[in-house]
Amino acid sequence: MTSTDWIARGGAFWLIGGSWVLVGAIFFIFGMRFGRRPGNGGDGCLLSIAGVVMTLLGGGIGLMIARYPWFIVTSVTGCILLPSVTTAILTSKARR
C-alpha cells in the first residue's frame, strides 16, 4: 500500500484528527499559562476554552473549503490559524 492509498482509505482523517488534538492541547496549555495576569483573578480558563473551540471551528472550516487531497492542508492550516488570531486578539485586549 502506497502513501496515497493510505490517505485515500481514511488515513487523511487520522492526520486531521491528530493535528486537531495536538493543536487543541497546545492552545489549551498556552491559554492556561499565559492567560494569567498579575493582579488578575482570572486563571486563563476562558482563553483555553476559546483556543480549543477555535481549533475545532478553524479545522472544520478548512475541511469545507477544499476538496481531496487539499482539504488536509486547509484543515490543518485553519486549526492553527484561527486560534492563533483569536488568542492574539484576546491577549492584546487583556494588556490594555
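Look up: the structure comes first, before these words.
S.K.: So what about the overall build of the chain? Which residues, and what values?
M.R.: Helix and strand counts for the chain come out as three helices and zero strands. Burial statistics for the chain: of 96 residues in total, 30% are counted as buried. Taking the contacts inside the chain whose residues are at least 6 apart along the sequence as the reference set, 63% of them involve residues at least 24 apart. With the model as given, the accessible surface of the chain reaches about 6,500 Å², and the carbon-plus-sulfur share is 72%.

S.K.: Account for helix H1 (residues 3-34), with residues named and values stated.
M.R.: One turn of an α-helix holds 3.6 residues; hence residues three or four places apart share an orientation. For H1, spanning 32 residues, the distance from its first C-alpha to its last is only 39 Å, which falls clearly below the expected 46 Å at 1.5 Å a residue. Helix geometry: H1 is bent most strongly at Gly10, by close to 80°. All buried positions along H1 are accounted for by Gly11, Ala12, Ile16, Ser19, Trp20, Val23, Gly24, Phe27 and Gly31.

S.K.: How would you sum up helix H2 (residues 45-65)? Please name residues and give values.
M.R.: Taking 1.5 Å per residue as the helical rise, H2 with its 21 residues ought to reach 30 Å, and the 30 Å between its terminal C-alpha atoms agrees with that figure. Every buried residue belonging to H2 is among Leu47, Ser48, Ala50, Gly51, Met54, Thr55, Gly58, Gly59 and Gly62, and all of these are buried. The buried residues of H2 all sit within an arc of 160° when viewed along its axis, so they share a single face. Turned more than 90 degrees from where H2 packs its buried face, Leu46 and Met64 sit exposed.

S.K.: For the side chain of Ser48, give the residues involved together with the corresponding values.
M.R.: With respect to the helices and strands, Ser48 occurs in helix H2. Relative accessible area serves as the criterion here: at 0%, Ser48 is assigned to the buried category. With residues up to four places along the chain from it excluded, the contact list for Ser48 reads Phe27, Phe28, Gly31 and Met32.

S.K.: Account for the nonpolar core, with residues named and values stated.
M.R.: Side chains of nonpolar character tend, in soluble globular proteins, to be buried together. In this structure, Ala12, Ile16, Trp20, Val23, Phe27, Phe71, Ile72 and Cys79 together form the largest nonpolar core, which totals eight residues. Breaking this core down by element, the ones donating at least two residues are H1 and helix H3 (70-95). Here the element with the most residues in this core is H1; it accounts for five residues. Non-local contacts of Phe71, meaning those with residues more than four positions away in its chain, are made with Ala12, Phe13, Ile16, Gly62, Leu63 and Ala66.

What counts, and where the lines are drawn
Residues numbered from 1 in each chain as written. Predicted model: local features only at pLDDT ≥ 70, side-chain atom pairs only at ≥ 80, totals over all residues. Heavy atoms only, no water. Helix = DSSP H or I, 4+ residues; strand = E, 2+ residues; numbered from the N terminus. Buried < 20%, exposed > 50% of the residue type's maximum accessible area, 1.4 Å probe, protein only. Contact = heavy atoms within 4.5 Å. Areas by Shrake-Rupley, 256 points an atom, 1.4 Å probe, with all protein chains shown as cover. Expected span 1.5 Å × (residues − 1). Bend = angle between axes of the 7 residues up to and from the residue. Arc of directions from axis to C-beta. Core = buried A, V, L, I, M, F, W, Y, C linked by side-chain atoms within 4.5 Å.

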